[in-house]
Amino acid sequence: MSSRFFHAENAWLPDGWQRDVRFEIDGGRYLAGALLDVRRDTHTRAEEPLGRWVVPGMPNLHSHAFQRAMAGLAESRGDPQDSFWTWREAMYAFAGTVGPDELRAIATQLYVEMLKAGYTQVCEFHYLHHQPDGRPYADPAAMSLALIDAAQEAGIGLTLLPTLYMTGGFDGRALVDRQRRFAHDVDGYLRLVERLRMLESAHLRIGVALHSLRAVPADAMNAVLGGIDSLPVSRSGVPSSMMPIHMHIAEQIGEVQDCLAVRNARPIEWLLEHAPVDARWTLIHATHIDEPELRRLAATGAVVGLCPTTEANLGDGLFPLKDWLDAGGDIGIGSDSHISVSPVEELRWLEYGQRLVSRHRNIVATPEQPSSGARLFECALAGGARAARMPVGSFTGGEADVPSVGNRADLLVLDEHSALLAGRDRAHLLDTWVFAGNSNLVRHVMVNGDWVVRDFQHRDEARIAARYRAIIARLRA
C-alpha cells in the first residue's frame, strides 16, 4: 500500500497545538510520526487537507455495551432507598434478555455513537458470557465474538476484556440466578482468553478483567494472574506480560464496608497488599479511596478509570481528582453504562464535580497547563491509551521495536464552521469544546487510516440503526 499524505492547519501533539502538520499514513499507521511546521507543497506530493483543528481520537476505557439499550429505563423511583444496588437488580433483569444477536446489534449501534462523538478505541468490560440460565452457548465464546463483530462492523478499535465473575460477595456466597450467566471457573476463563488472543489485530487487543474483589476470590485472582503469564504470544505478537488488567474497585461505600468486615482492609489497601499492581492495571472508579491508598496506588503507575456520568447517575460519589493528579496519578475516561456517550461530557463533569465540592474553579489547571480543557484532554488521551494497551491517543509514538512506524492512524477533525468555535484561537479551542455546549463538533473521524465518519455521518449508520430498532422492538415484545 502506498503512503497517503494529509495536512492539518493545527494539530494537537503531546506538547500542545502545532501549526501546519503533515501526516504520512501507510497501512493504517503514521510513518515517522508528524512533521511539524511544514509548508504545504501540492506540486511535489498530493496532500488531503484535513481542516483547521485536528486532534487524536479518544480512548474509552470502560464500557458495558449492552447497558446502552436500557439507558433511561431506570430513572423512576420504585424503592425509597433507591441506589446502585437497586439499579443493579434492574440491570440484571435486562441483561437476561440479551443473547448474541441482540448484543451484536446493541453494541454496533453504541460503537457508531461512540465514533460520532470522538471515541476511536473502546475497552469492553464483558461479563455476559453464557445463556441466562448459566449454560454455555454451543460456542462458549459466542458473546465475545458478537462484540468483536460489532466493533469490526462499526470500525472502532476494541480492547476486549472478558471478565472473571465467580462469587456474589466477599463472604464467597454463590451467585444468584440472575448472575449465573456471568460465571466461569478459572480454567474455563483462561481457555476463553487464550482463544480470543489468537484473534488480535490492528483493531483488536485482548486483556483480562477481574470483575471486583467481591466477585473474584483471592485464590482465583492469583491463579488467573499466574495463568496469563504462561499464555503464548498473541496473534499480533503481544506477549502475555503486556496484557491489560482491569478491575472495578471501591465504587460504593457498601463495598468498602463489606471488605473491611471480611478482609479487615479497605479494597484498594487489600489489593495493593495481595496483587502485583503495576502499569498494566486499570482500576475502575476507585471512588472511595483514602489518602494512604491514593499515594500508594499512584506510585504503582496504574491508571484510574473515571466514568463521571455513570458515577453521578448511580450516586457513587466523587473521586478525589485533584489530589490524585497532584500525586502523579494517571486517569482515563469511560462511558460505562452509557447514560451518556460523549467524551466531552465525561471531561466536563470531571472538572465540574470538583468545582462543586471545592467551590473553586479550574481545579485541574496547572501553571504549566493553565487550560482546564487541555489538561483534561491530554490526561484522558494518555491514560486511555495505556488502559487499552494499543498504540493510540497521540499522533506521535508507536511500537518500541518498530521506530519508523508510529501510532495507529486515528484522528478527529473538529467542525471549524461551527458558530461555537467562531473567533476561538488555540488557547481557548479545547476549553470551548469541553465546556461550552452540547453540540457535536466532531465532523470527521478516521480509525486505522479509514474514514468511518464523514460530515457527522457514520458510513453505515442507517442500516445499523434500523437493525438496532428492530432488535429493541423485539425485546420489548
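Above this text sits the structure in question.
Being a predicted model, the structure only gives us computed values, none of them experimental.

Caption draft 1: Molecular detail of the overall build of the protein. Helix and strand counts for the protein stand at 14 helices and 18 strands. Sequence-distant contacts in the protein: of pairs separated by 6 or more residues, those separated by 24 or more amount to 74%. Carbon and sulfur atoms make up 50% of the accessible area of the protein, which totals about 18,900 Å². If you average the places of the 48 positive and of the 60 negative side-chain charges in the protein, the two averages end up 3 Å apart.

Caption draft 2: Representation of the environment of Leu306. Tracing the backbone through its elements, the reader meets Leu306 in strand β12 (residues 303-306). A relative accessible area of 1% means that Leu306 is categorised as buried. Every residue in contact with Leu306, bar those within four places of it in the chain, is listed here: Leu61, His285, Glu311, Phe319, Leu321, Ile331, Gly332, Ile333, Gly334 and Leu350.

Caption draft 3: Layout of the pairing of strand β7 (residues 157-164). Among the eight residues in β7, eight count as buried, and that is most of the element. Residues Gly157, Thr159, Leu161 and Thr163 of β7 are buried on one face, and the alternating residues Leu158, Leu160, Pro162 and Leu164, pointing to the opposite face, are buried as well. Pairing of strand β6 (residues 119-126) with β7 involves six bridges; the strand directions are parallel. Residue Gln121 lies in a different strand from β7, and its bridge partner there is Gly157.

Caption draft 4: A look at the pattern of salt bridges. Tallied over the entire structure, the rule returns 27 salt bridges. As a salt-bridge pair, Glu273 and Arg296 come within 3.1 Å of each other at their nearest N and O atoms. Of the two residues, Glu273 sits in helix α7 (residues 267-274) while Arg296 sits in helix α8 (residues 291-300), which places them 23 residues apart along the sequence. Three or more residues are tied together by salt bridges with common partners; here these are Arg104, Glu153, Asp460, Arg463 and Arg467.

Caption draft 5: Spatial organisation of the environment of Arg77. Mapping Arg77 onto the fold places it in the loop between β5 (58-63) and α1 (84-95). Here the alpha-carbon distance between Arg77 and Pro49, two residues 28 residues apart in the chain, equals 51 Å.

Caption draft 6: Spatial organisation of the side chain of Arg22. For Arg22, the location among the structural elements is in strand β2 (residues 16-26). A distance of 2.3 Å separates the side chain of Arg22 from the side chain of Glu47, its partner in a polar contact.

Caption draft 7: Spatial organisation of the packing of helix α2 (residues 100-117) against helix α3 (residues 142-154). Running from amino to carboxyl end, α2 crosses α3 at an angle of 35 degrees, the nearest separation of the two axes being 8 Å. Our pair here, α2 against α3, has a crossing hand that is right-handed. Note on element contacts: α3 touches α2 through Ala142, Met143, Ala146, Leu147, Asp149, Ala150, Ala151, Glu153 and Ala154, opposite Pro100, Leu103, Arg104, Ala107, Thr108, Tyr111, Val112 and Leu115.

Caption draft 8: Summary view of the nonpolar core. By size, the foremost hydrophobic cluster in this structure holds 137 residues, and its most contacted members are Tyr111, Leu271, Trp281, Leu297 and Trp433. Ranked by residue count, the leading element in this core is helix α12 (residues 372-388), at nine residues. Setting aside its immediate chain neighbours within four residues, Trp433 contacts Val55, Val344, Arg348, Phe377, Leu412, Leu414, Leu441 and Val442.

Caption draft 9: Highlighting the layout of surface pockets. Volume-wise, the second largest pocket comes out at about 250 Å³. Taken together, 16 residues line the second largest pocket, and the ones lying closest to its centre are Ile148, Gln152, Ser201, His203 and Leu204. Mapped onto the lining of the second largest pocket, the elements with two or more residues apiece are α3, β7 and β17 (450-454). In terms of residues, the lining of the second largest pocket owes the most to one element, α3, which gives three residues. Its residues placed into classes, the lining of the second largest pocket shows eight nonpolar, five polar and three charged.

Caption draft 10: Region of the structure containing the environment of Leu429. Tracing the chain through its elements places Leu429 in helix α13 (residues 426-435). Put simply, Leu429 and Pro308 are 121 residues apart on the chain and 22 Å apart in space, counted from C-alpha to C-alpha. Leaving out residues up to four positions away in the same chain, Leu429 has contacts with Trp17, Trp53, Leu414, Leu421 and Arg424.

Caption draft 11: Representation of empty space enclosed by the protein in the model. If you walk through the whole model with that rule in mind, you get four cavities of 30 Å³ or more. Considered as a void within the structure, the largest cavity measures approximately 180 Å³ in volume. Taken together, 19 residues form the lining of the largest cavity, with His64, Phe84, Tyr127, His211 and His248 sitting closest to its centre. Looking at the lining of the largest cavity, the element that brings in the most residues is α1, giving five residues. Here the residues of the lining of the largest cavity sort into eight nonpolar, seven polar and four charged.

Conventions used here
- The residue numbering used here restarts from 1 in each chain and proceeds along that chain's sequence as written.
- Owing to the predicted nature of the model, reporting of local features is limited to residues with pLDDT of at least 70; listing and counting of side-chain atom pairs is limited to 80 or more, with chain, interface and lining totals taken over all residues.
- Excluded from the side-chain calculation are hydrogens and water; included are all heavy atoms of the structure.
- Per the convention used, a helix needs a DSSP run of H or I reaching at least four residues, while a strand needs a run of E reaching at least two, with both numbered from the N terminus.
- Note on definitions: a residue-residue contact is assigned when non-hydrogen atoms from the two residues lie within 4.5 Å.
- Surface accessibility follows the Shrake-Rupley procedure with a 1.4 Å probe radius. Residue values consider only the protein chains on display as shielding.
- His is not counted, nor are the chain ends; Lys and Arg add positive charge and Asp and Glu add negative charge.
- Lysine's charge is taken at NZ, arginine's at CZ, aspartate's at CG and glutamate's at CD.
- Summary of the burial criterion: residues with accessible area below 20% of their type's maximum are buried, those above 50% are exposed, and those between are partly exposed, where the area comes from a 1.4 Å probe applied to protein chains only.
- Between any two strands, at least two bridges found by DSSP are needed for them to pair.
- Salt bridges are counted wherever a side-chain nitrogen of Lys or Arg sits within 4 Å of a carboxyl oxygen of Asp or Glu.
- Side-chain atoms alone can form a polar contact between residues adjacent in sequence; in general such a contact is a pair of N or O atoms within 3.5 Å, and within protein one must be able to donate a hydrogen while the other accepts it.
- Note on method: axes are straight lines fitted to C-alpha atoms, helices fitted across the in-contact stretch only, with angles between N-to-C directions ranging 0 to 180 degrees.
- The handedness criterion is simple: a crossing whose near helix is rotated anticlockwise from the far helix by less than a right angle is left-handed, and one whose near helix is rotated clockwise is right-handed.
- Buried residues of nine kinds, namely Ala, Val, Leu, Ile, Met, Phe, Trp, Tyr and Cys, make up a nonpolar core once their side-chain atoms join them within 4.5 Å.
- Any residue with an atom within 4 Å of a point lines the site, the site being either a cavity, points on a 1 Å grid over the protein atoms alone where a 1.4 Å probe fits but cannot get out, or a pocket, an open set with protein on both sides within 12 Å along at least 5 of 7 lines.
- Grid points are joined across faces, edges and corners, and a volume is the space filled by probe spheres set on the points.
- Note that Gly is not counted as nonpolar here; it falls among the polar residues with everything else outside the nonpolar set of Ala, Val, Leu, Ile, Met, Phe, Trp, Tyr, Cys and Pro and the charged set of Asp, Glu, Lys and Arg.

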